Amino acid sequence: MIRFILIQNRAGKTRLAKWYMNFDDDEKQKLIEEVHAVVTVRDAKHTNFVEFRNFKIIYRRYAGLYFCICVDISDNNLAYLEAIHNFVEVLNEYFHNVCELDLVFNFYKVYSVVDEMFLAGEIRETSQTKVLKQLLVYNSLE
Amino acid sequence: MPAVRGDGMRGLAVFISDIRNCKSKEAEIKRINKELANIRSKFRGDKTLDGYQKKKYVCKLLFIFLLGHDIDFGHMEAVNLLSSNKYSEKQIGYLFISVLISANNELMKLIIQSIKNDLSSRNPIHVNLALQCIANIGSREMAETFGSEIPKLLVSGDTIDVVKQSAALCLLRLLRTLSDIIPSGEWTSRIVHLLNDQHMGVVTSAVNLIDALVKKNPDEYKGCISLAVSRLSRIVTASYTDLQDYTYYFVPAPWLSMKLLRLLQNYPPPEDPGVRGRLIECLETILNKAQEPPKSKKVQHSNAKNAVLFEAISLIIHMDSEPNLLVRACNQLGQFLQHRETNLRYLALESMCLLATSEFSHEAVKKHQETVVTALKTERDVSVRQRAVDLLYAMCDKTNAEEIVGEMLNYLETADYSIREEMVMKVAILAEKYASDYTWYVDVILNLIRIAGDYVSEEVWYRVIQIVINREDVQGYAAKTVFESLQAPACHENMVKVAGYILGEFGNLIAGDQRSSPFVQFNLLHSKYHLCAAQTRALLLTTYVKFVNLFPEIRVDIQNILKSNSNVRNSEVELQQRSMEYLQLSQIASSDVLATVLEEMPPFPERESSILAILKKKKPGMSEGVTGPLKENKHPAAVINNTGVSYTKNSENAPSLAVSADLLGISSSLHQPTINSAPPASSNNTSTNLLVDVFGETTSPTAGGAKSAIGDGIIVKNEESLKKFICKHNGILFENDLLQIGIKSEYRQNLCQMGLFYGNKTNFQFLSFTPSISSPNNLSTKLNIQVKPVDTVVEAGAQVHQILNVECIEDFTDLPLLTIQFIYCNVQQKLTLRLPLTINKFSEPTVMNSESFFTRWKNLNNPTQEAQKIFKATYPMDSEAVKAKLIGFGIQLLTGIDPNPENYVCAGIIHTRTLQVGCLIRLEPNTQAQMYRLTIRSSKDTVSKELCKLLHELF
């Protein structure tokens, strides 16, 4: 299962943090810093996977943003790697060419996108069409 | 679609821009404080705020919180938003609550009421928001309140698909919080049939829930096998146009396929031949598709396709019954080993590691040895090289051991620091396991020390000494080789230790050669003396006094060293004491006495390598209950004790028998000079601190359990031996005149491999010998035990080895029963024993500091999470013995945590398949009253109770 999802920029600023375990705030901060340290030192020739404590981080870099998903060691690496890309494509469609600032100003909407696609640490919906249709309905409501 | 930034809430957008424009941290804090003051006054003001304003301010507070600032108000306003009828207001309210409000907040009652209202709303969007909120918070209280409602929502015909998806995962979350809300009976089949749902999104969500339910109760949910297979079959045979929305880069439903393949890994291969045939067809189709030309050049296409392929291979390995598929899988992975994508090379190495363990594919894997060695040398990413090391280790057997060990040694010279220690251990284990010629083994270990001395842990050099002492044929060679190694200009301190020990024992074997005469040996060793740490010097002093016995001709030279000021006045009390005592010994004792006291070490009892145990230690964990501090991935000083902590119960008249993991008794706390002076009679003496055995297993191997005679089908009371096994993995479980049963077990996370050794002590055959394992009560749902069958005939004096593979699914209290039936001299014999498989065996020690310990401790404040016992000490309250027991129990002994140094504080994580339970333990002795108070807190009540029960009996 997914333990947490993080979006960070290269400087280490968190753009989204979604937790599926009950960490306390200090622990969250520690994890955020640790993930940043682990992920940013890797280059394009490296794998998209890093062992992390007794879990692993599956990550992908898009321009200046790192999208990281922390999952169990036994989980399927490529499936989560593509889950990240699927999520990014939805964001891109939803925000019309998404950029970092969209995530900053619309942070509360990003959480809705996440909840449509992932819930309880599992994959909830994978169809981009279905997710976007649902998000459109929300946007049309007051 | 929102084009405007922060559309709808202009004030929020302005505020965010302001924060972004702040030039310094101070300016940001100032701006935030201003905003907080503003919001506070709005909330306190007389004017009632409308929903929009409330939403805006709550959202600002949330933003401030996410920046890392504390928020101590606004919770009530957020809760108010929940009862709004507008989606956007409700959404912000729920978001604020999921992010900011902890489970025990006083507003929880109100929140739960609002959720209740929304769940019964006719607006599916409100129902959905409520479900997502429950899934995000998932508190116990929510589980109790909604646990019975949500299954209804999930299977009701009136529920729309989007809500069903959330309901399935919401229920999953609540199950993880509180496992007794599992729906059963009529719900089972309705939930399983969600796999047939028309809506692929519903299936995608539901399969996660079903997977969790299956793990808890595989039998009840068996029906999902055929449904999963037929669903999978429909997907893999579909063309990418069939599934429209669920096709991802020309791959039909990759995530769902992956999940279905995982679901099937909870079961053995399907029994029904039709289902089995269909599944094999699916797996073949997936393997075939991997060979087809790609439908797109995009990496997304190949990733999605390979995600399914790797999962299919995992299932093939799991089934371990289709040689044809296993070999095909191996060939496919072989292709990936040379793929240009690093990800694929990495995953292929990882997956092949598992294939190497299957008898059907082990040979096929070995064909790729050369490629793997190349990977080890050329891969840029250290994690890929690490996988290559793992695979070499897994594919190693008698035929290729020398080659593989050679390659690993070569690589070690340039290996990354991060993986050296692990490599050193792996090389040491392989060399020992597959050595047909022990001179080769000695060479390998000495090479290890030469190449990577800093990474050679104590266990490794202890082990080479054990083996040299036990094998006469290699002693002369070892002495010669260490002597040569010592002549190198730069020589690692670990080499000095090994050389010191071995020459002290066997220097005489090479003393005939003028080039290594006693005096030369002594001078060579002593030339290193002043460069070494106190521990090593203490060891060398022992070597010197052993030389006094071996080589009387250099006695005077040695005495001169011993009485030099730098030794007898050394600031290290241990060195001072050794010098004095050894000097006196060499001056006073007659040569007979010397020869007895300084005699060669007796052989060590044969046992499994202690290095294996160290290799199994894992990285610091991350769990809700217990969280270790990061980077402290160091071995606890006495890890070796894990395998063989002596349980002093066996030597009740030796209560102070301290167990030391220290080979030569050179740790500074030990003041007895540790020469092998123990005449046999003194082994029961209270002062037997003389470390006959390095790794702490006590004297007689037959000290085991009850010796009751076997009759017809009696349950043998092996309570005492069971108790002993709580703290150790290996030993004798049972023994009588006919039969001896030994146990050797290895634990890793939630898995255990247990070897049972049945020894026939008689001069007659045992016929129809059938050991079987049964699980009392509902233990079979908690422990998955697989038993390999054994020969039905046990020859006189022979030993039969049986392997049990155990997986801990969830925490348990009962012990499995071992029933052994056989015919001895035409008389049917039957006995039943309880196997020492206790929950603490699945515990992993966790290091943490005082602060995190107490934070955790306070967080586990629910009364049911705590178990406490106050009891009278049964055994002497010796601190070393208590520590040894705690460590043997599988938990980390933490020092400097408790203000009272008398108290013992420990932490560990219990691994089960479904969950990891962090456990914190405090043991407070009261020596005056001869009492203990034991308190255990863990995230699961049953675990706390069981640990408390097991642990209190030990003291």
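Residues numbered from 1 in each chain as written. Chains lettered and ligands numbered in written order. Predicted model: local features only at pLDDT ≥ 70, side-chain atom pairs only at ≥ 80, totals over all residues. Heavy atoms only, no water.

Chain B carries the name AP-2 complex subunit alpha in an unreviewed UniProt entry, which gives Limulus polyphemus as its organism. If you open the UniProt record of chain B and go to Subcellular location (unreviewed entry), you find "Membrane, Coated pit". (UniProt positions renumbered as here; feature names shortened; annotations may be inferred.)

An unreviewed UniProt entry lists chain A under the name AP complex subunit sigma, with Limulus polyphemus given as the organism. The Sequence similarities (unreviewed entry) comment attached to chain A in UniProt states, word for word, "Belongs to the adaptor complexes small subunit family."

**Points about the overall build of chain B**
A count of helices and strands for chain B gives 39 helices and 17 strands. Put simply, chain B has 955 residues, and 57% of those count as buried. Restricting the contact set of chain B to residue pairs at least 6 apart, pairs at least 24 apart contribute 69%. Accessible area for chain B stands at about 39800 Å²; split by element, carbon and sulfur atoms hold 49% of it. (Helix = DSSP H or I, 4+ residues; strand = E, 2+ residues; numbered from the N terminus. Buried < 20%, exposed > 50% of the residue type's maximum accessible area, 1.4 Å probe, protein only. Contact = heavy atoms within 4.5 Å. Areas by Shrake-Rupley, 256 points an atom, 1.4 Å probe, with all protein chains shown as cover.)

**Observations concerning the packing of aromatic side chains**
Per the counting criterion, the structure on display carries 37 aromatic pairs over all chains. Ring geometry for Phe4(A) versus Trp19(A): centroids 5.2 Å apart, planes at 55°, classification tilted. You can see Phe4(A) sitting in strand β1 (residues 2-9) and its partner Trp19(A) sitting in strand β2 (residues 14-19), a full 15 residues away along the chain. Assessed through its relative accessible area of 15%, Trp19(A) is described here as buried. Between the aromatic rings of Phe766(B) and Phe822(B), the centroid separation amounts to 4.2 Å while the plane-to-plane angle is 25°, which identifies the pairing as stacked. One end of the pair, Phe766(B), is in strand β7 (residues 766-774); the other, Phe822(B), is in strand β10 (residues 817-824), with 56 residues separating them in the sequence. Taken together, the aromatic side chains of Tyr758(B), Phe764(B), Phe766(B), Phe769(B), Phe822(B) and Tyr824(B) make up a single cluster linked through ring pairs. If you follow Lys426(B) out to its NZ or CZ, it ends over the ring of Tyr393(B), 5.2 Å from the centre. Directly above the aromatic system of Tyr529(B) lies the positively charged group of Arg537(B), at a separation of 5.7 Å from the ring centroid. (Phe/Tyr/Trp six-rings, centres within 6.5 Å; stacked < 30°, edge-to-face > 60°. Lys NZ or Arg CZ within 6 Å of the ring centre and 35° of its normal.)

**As for the pattern of salt bridges**
According to the stated counting rule, one finds 53 salt bridges over all chains in the structure shown. For the salt bridge of Arg60(A) with Glu82(A), the shortest nitrogen-to-oxygen distance reads 3.0 Å. Within this pair, whereas Arg60(A) is found in strand β4 (residues 55-62), its partner Glu82(A) is found in helix α2 (residues 77-94), the two being separated by 22 residues in sequence. The same class applies to Arg60(A) and to Glu82(A), which are both buried. Ionic pairing is found between Arg387(B) and Asp390(B), a salt bridge with its closest N-O pair at 3.2 Å. In this pair, Arg387(B) and Asp390(B) are both assigned in helix α21 (residues 382-395), 3 residues apart and thus about one turn of the helix distant. Taking the relative accessible area as the measure of exposure, Arg387(B) reaches 8% and is therefore buried. In this structure, a network of salt bridges that share partners links the residues Asp24(A), Glu27(A), Lys30(A), Glu34(A), Arg53(A) and Arg856(B). (Salt bridge = Lys/Arg side-chain N within 4 Å of Asp/Glu carboxyl O.)

**Describing the interface of chain A and chain B**
In this complex, chain A contributes 76 residues to the contact, which on the side of chain B involves 83 residues. Of the roughly 7100 Å² buried between chain A and chain B, counting both surfaces, carbon and sulfur atoms make up 54%. The largest contributions to the chain A side of the interface with chain B come from Phe105(A), Tyr108(A) and Arg124(A), which together make up 10% of the buried area. The salt bridge involving Glu51(A) is made with Arg387(B); its shortest N-O contact spans 2.7 Å. Taken together, the links from chain A to chain B amount to 32 residue pairs in polar contact (both at pLDDT 80 or more). A per-element tally of the side of chain A that touches chain B places α2(A) first, with 11 residues. By residue class, the composition of the side of chain A that touches chain B is 30 nonpolar, 19 polar and 27 charged. (Buried area = accessible area lost by both parts, 1.4 Å probe. Polar contact = N/O pair within 3.5 Å; in protein donor to acceptor, adjacent residues only side chain to side chain. Nonpolar A, V, L, I, M, F, W, Y, C, P; charged D, E, K, R; others polar.)

**A word on the packing of helix α1 (residues 10-21) of chain B against helix α2 (residues 25-44) of chain B**
Residues and elements named next belong to chain B. Where α1 contacts α2, the two axes come as close as 8 Å, and the packing angle between them is 155°. Taken together, α1 and α2 sit at an angle that is classed as roughly antiparallel. Pair α1 / α2 crosses with right-handed handedness. Here Phe15, Asp18 and Ile19 of α1 come into contact with α2, specifically with Glu28, Arg31, Ile32 and Glu35. (Axes fitted to C-alpha atoms, helices over the stretch in contact; angles between N-to-C directions. Parallel < 35°, antiparallel > 145°, perpendicular 65-115°, else oblique. Left-handed = near helix turned anticlockwise from the far one by under 90°.)

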